[in-house]
Amino acid sequence: MNSAKIKAFWVIVAIAAVGFYLVKGGKDFVLGLDLAGGSALTYKIDTSHLPPDSNVSDSVASLRDVVERRVNLFGVREPTVTTEYSRLSSEWRLVVELPGVTDVKQAAQMIGETPTLDFRTEKAGAKAATSTDLAINDFEQTKLTGSYIEKASLIFDSTSNQPKVQLQFTSEGANLFAQITKANVGKRLAIYLDGSPISIPVVNEEITGGKAVISGNFTTEEAKTLVGRLNAGALPLPISISGTNVVGPTLGSSAVDAGVKAALIGFLLVVIFMILWYRLPGVMAVIALICYSILMLALFKFVPVTLTSAGIAGFIISVGLAVDANVLTFERMKEEIRNGKSLKDAVEEGFARAWTSIRDSHTAAIIVSVILFAMGTSVVKGFAFTFFLGAVVSLISAQLITRVFMRSIVTNSSSWLVKFLFSSGFRTK
Amino acid sequence: MIIIKYKTFFIGLSVLLVIVSFFLMHTYGIKRGIDFTGGSVIDITYGDNIPVLNAADFKNEDISLYETGPNTYRLISSKTYESISDTIEKLANPDKETPFVYTQISTVGPTLGAEMTKKAIIALIVVVLMILAFIAFAFRHVSHPLPSWKYGVIAMLTLLHDIIIPTGIYTILSHNFGAEVDTLFIIALLTIIGISISDKIVVFDRIRENLKTGGKQPFNEVVGKSLKQTFTRSINTSVTVILALLALYFFGPVTTKYFTLTLIIGMVVGTYSSIFVASPLLTVWNRNK
């Protein structure tokens, strides 16, 4: 056996090992919401009431944490909660993805009914502290929000027996509360729930213990519900829903079946075409294509890449790119043979001369995919990422794998059989 | 070379198709989907009991009703799902005896929609400009007889051609079958750009090589020769990609049907323009100088 054959053998062994690991490896493919079923909710985060000197991204991050805790509490498997800032619309967004949750009402309740609680102080020049009317514009938000609550509990006033809600702040929250009360002695401190004031007590002195009592005019039932909601996590910032996407479980799984079926049939058609037209090199290209697919699927599984309908479409199109790289090389090889080169030289020349075309056309594809990824929403990103991976792996497979295989089958013989096997098309010339 | 000889016919055909496409876009209009306008699309599926639904009742609530299968319906509205969910439950299950399940709900708020429109336009512009810059760069050593930026400009013109014609045809689908211009459609256009630019680069690359080795051959002949050499490859690559796409169209998920069809049209148009338009245009530009 010559060294080219030995190389080809090792390539096959290596790819087969990857393939074996792909099938036997314990992990599953990660399916996106459109394939697995589930809901994605997009919220607009209202940061307009934050004090001007506060760090917006910190507040947004603590909002994210609270929502995540809340979602976890409901036992959703592998939820993702992310925040993003949109420059185009200059607003913050919260994106919650809940795999398996296909009841959108339930999903929205899970998050939407999380209360927002915050403390607001009197603005300079507000009406006198004794004023009883609730002028909302008199108050401005402080950094102290529901995310600093460690525990809420229901208590009853010892004289009037009126239900009240007692808050225990975290140590950080207790410090903030002490600062705020110290700076506002004699002034009003408003407690806002879901954007409206529920209690506006007057601060008598600095409060250092980290405890506050809300004495709104609650019924016992209302106070109980509020305590429950606050304990589950209060949101530091108000949010409002701006987009929903729910995919039922049957739609998803039928899309997976259809996608797999289409990929297999498409692959088979390409294989038949390649072998009929390019004969022996076609067979080599098909083997290279199988290697290409194994590598891609392994990347999908082990990176892991979240697969969506758009992502699978990107993969199928990248197969086209990979075939193209082989077609370019074979056409070039054929020309060199026609110009009288020996088989061995023709193979080397074919690869060398097709390289600039392959390089440039793949670069163009990579440019498109990178721009798509940078600009796109999650659907577009899914497509762009598999397309990008496809272009990169295709470059490697066309230049390295196909070349190794082609070198391994080159012979010095010039019998009619060899001529037939290495020529192409449906003519016998 | 026959293609260069009859270039007026081939280029003329393209110009005609582009004009027809603009005419179609003008007559039918581009129906933007909720991804861009905001609103909601809701798919529902009934069990054994299917009610008689009256589209007019839905219309009164600003909901368009489409029958998508024996027991499935699609509801499209400019309102969010949250604001019409009670109405839907009342209208779609009037006697409480025809329960249904939601197979898909998607709602896009107006801000998200406006942002998507901006993003799509920016993405298209950036991609086209980057490709122009890339070709000008890749062909920077080719300056005789055409400067490299002219290759870029011609590639860009034919790329526009390659996305205008599928868009024109899409408006027919949109008019007759309710297909909407959504995110997937934009992805399809950008993919057409990506594949079709590879096609043009391969032919241009061959011209670049033949100019280097060809000595004093006239430009027209060099272009003709390069076309002949790359012809089989162009067709074969398109055939393989179209084979894969046909499989995706006939057997693939319902959600990507229009996407795949747009890509197939784009592939055919793109291959045509690579062979019959882009290179002939090079010779036209060279002669006019």
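Residues numbered from 1 in each chain as written. Chains lettered and ligands numbered in written order. Predicted model: local features only at pLDDT ≥ 70, side-chain atom pairs only at ≥ 80, totals over all residues.

Quick look at the overall build of chain B now. Assigned secondary structure in chain B consists of 10 helices and 4 strands. Counting from the amino terminus, helix and strand elements in chain B follow one another as α-α-α-β-α-β-β-α-β-α-α-α-α-α. Relative to a compact globule of 289 residues, whose C-alpha radius of gyration would be 19 Å, chain B shows 24 Å and is clearly more extended. Counting all 289 residues of chain B, 48% fall into the buried class. The contacts in chain B between residues at least 6 apart in sequence include a share of 77% that link residues at least 24 apart. (Helix = DSSP H or I, 4+ residues; strand = E, 2+ residues; numbered from the N terminus. Rg over C-alpha atoms; globule rule 2.2 N^0.38 Å. Buried ≥ 20, exposed ≤ 12 C-beta atoms within 10 Å, placed from the backbone. Contact = placed C-beta atoms within 7 Å.)

To continue, consider the domain arrangement of chain A. Per the domain assignment, the segments of chain A are domain 1 (3-34 + 248-422) and domain 2 (38-245). Using only C-alpha atoms to locate each centre, domain 1 of chain A and domain 2 of chain A end up separated by 53 Å. (Domains from an automatic or database assignment.)

Below, the discussion takes up the pairing of strand β3 (residues 72-77) of chain B. Residues and elements named next belong to chain B. By the alternation rule, side chains of β3 split into Y73, L75 and S77, which are all buried, and T72, R74 and I76, of which none is buried. Here 6 bridges tie strand β1 (residues 39-46) to β3, and the two strands are oriented antiparallel to one another. By the bridge assignment for β3, S40 is matched with S77. Looking at chain direction, strand β2 (residues 63-67) and β3 are connected through 5 bridges and run antiparallel. When the bridges of β3 are listed, L65 appears paired with L75. Connecting β2 to the next strand, β3, in antiparallel fashion are 4 residues. (Pairing = 2+ DSSP bridges.)

Looking now at the domain arrangement of chain B. Residues and elements named next belong to chain B. By domain assignment, chain B separates into domain 1 (2-34 + 111-288) and domain 2 (39-108). A C-alpha centroid distance of 40 Å is found between domain 1 and domain 2. In this assembly, 4 residues from domain 1 lie in contact with 5 residues from domain 2. Residue composition of the side of domain 1 that touches domain 2, by class: 2 nonpolar, 2 polar and no charged. (Nonpolar A, V, L, I, M, F, W, Y, C, P; charged D, E, K, R; others polar.)

Spatial strand order, β2(A)-β3(A)-β1(A)-β11(A)-β4(B)-β1(B)-β3(B)-β2(B): 8 strands in an open sheet with antiparallel pairing. A strand with exactly one partner marks an edge of an open sheet, and here the two such strands are β2 (80-86) of chain A together with β2 of chain B. Strand after strand, the sheet turns through a mean of 20° between neighbouring axes, direction not considered. Direction of pairing for strand β11 (residues 239-247) of chain A relative to strand β4 (residues 100-108) of chain B: antiparallel, over a ladder of 5 bridges. In the sheet register, N245 of chain A faces β4 of chain B, and the bridge partner there is S106 of chain B. Packed on one face of the sheet, helix α5 (residues 81-92) of chain B meets β11 of chain A together with β1, β2, β3 and β4 of chain B and runs near 30° to β1 of chain B. (Axes fitted to C-alpha atoms, helices over the stretch in contact; angles between N-to-C directions.)

Residues I316, V368 and F383 of chain A together with L190, I193 and A244 of chain B are the most contacted members of the largest nonpolar core, which totals 165 residues. Leaving out residues up to four positions away in the same chain, I316 of chain A has contacts with A263 and G266 of chain A together with A244 and L248 of chain B. F139, L189, A212 and I214 of chain A belong to the second-largest nonpolar core, a separate cluster that totals 24 residues. (Core = buried A, V, L, I, M, F, W, Y, C linked by C-beta atoms within 7 Å.)

In this section: helix α6 (residues 110-138) of chain B. Counted at 1.5 Å a residue, the expected span for α6 of chain B with its 29 residues is 42 Å, and the 42 Å between its end C-alpha atoms agrees. Within α6 of chain B, the full set of buried residues consists of L112, G113, E115, M116, A120, A123, V127, I131, I135 and A138 of chain B. (Expected span 1.5 Å × (residues − 1).)

All names here are of chain B. Within β1, 6 of the 8 residues are buried, which leaves the element mostly enclosed by the surrounding structure. Examined bridge by bridge, β1 and β4 share 8 bridges and lie antiparallel to one another. When the bridges of β4 are listed, I42 appears paired with I105.

It is worth spelling out the confidence of the model for chain B at this point. All names here are of chain B. In the predicted model, chain B carries a mean pLDDT of 86, and 99% of its residues have values of at least 70. The secondary-structure element of chain B with the lowest mean pLDDT is helix α1 (residues 2-5), recorded at 82, while helix α2 (residues 7-28) shows the highest, at 93. The complex prediction reports pTM at 0.77, with the ipTM value standing at 0.82. (pLDDT = per-residue confidence, 0-100.)

What follows concerns the interface of chain B and chain A. On the side of chain A, 57 residues touch chain B, which itself brings 55 residues to the contact. Of all the elements in the fold, those that place two or more residues in the side of chain B that touches chain A are α5, β4, α6, α8 (183-213) and α9 (219-251) of chain B. In terms of residue count, the dominant contributor to the side of chain B that touches chain A is α6 of chain B (14 residues). Within the side of chain B that touches chain A, the residues separate by chemical class into 31 nonpolar, 18 polar and 6 charged.

Another point: the sheet that holds strand β8 (residues 189-193) of chain A. All names here are of chain A. Taking strand neighbours across the sheet as the criterion, the 4 strands line up as β5-β4-β8-β9 in an open arrangement whose pairing is antiparallel. Each end of this open sheet is capped by a strand with a single partner; those strands are β5 (139-145) and β9 (196-199). On average, each strand axis in the sheet is tilted by 45° relative to the strand beside it, whichever way the strands run. The pairing of β8 with β9 spans 3 bridges and is classified as antiparallel. Along β9, the bridge assignment pairs L193 with S196. With respect to the sheet, helix α5 (residues 171-183) is in contact with β4 (117-122), β5 and β8, its orientation differing from that of β5 by roughly 150°.

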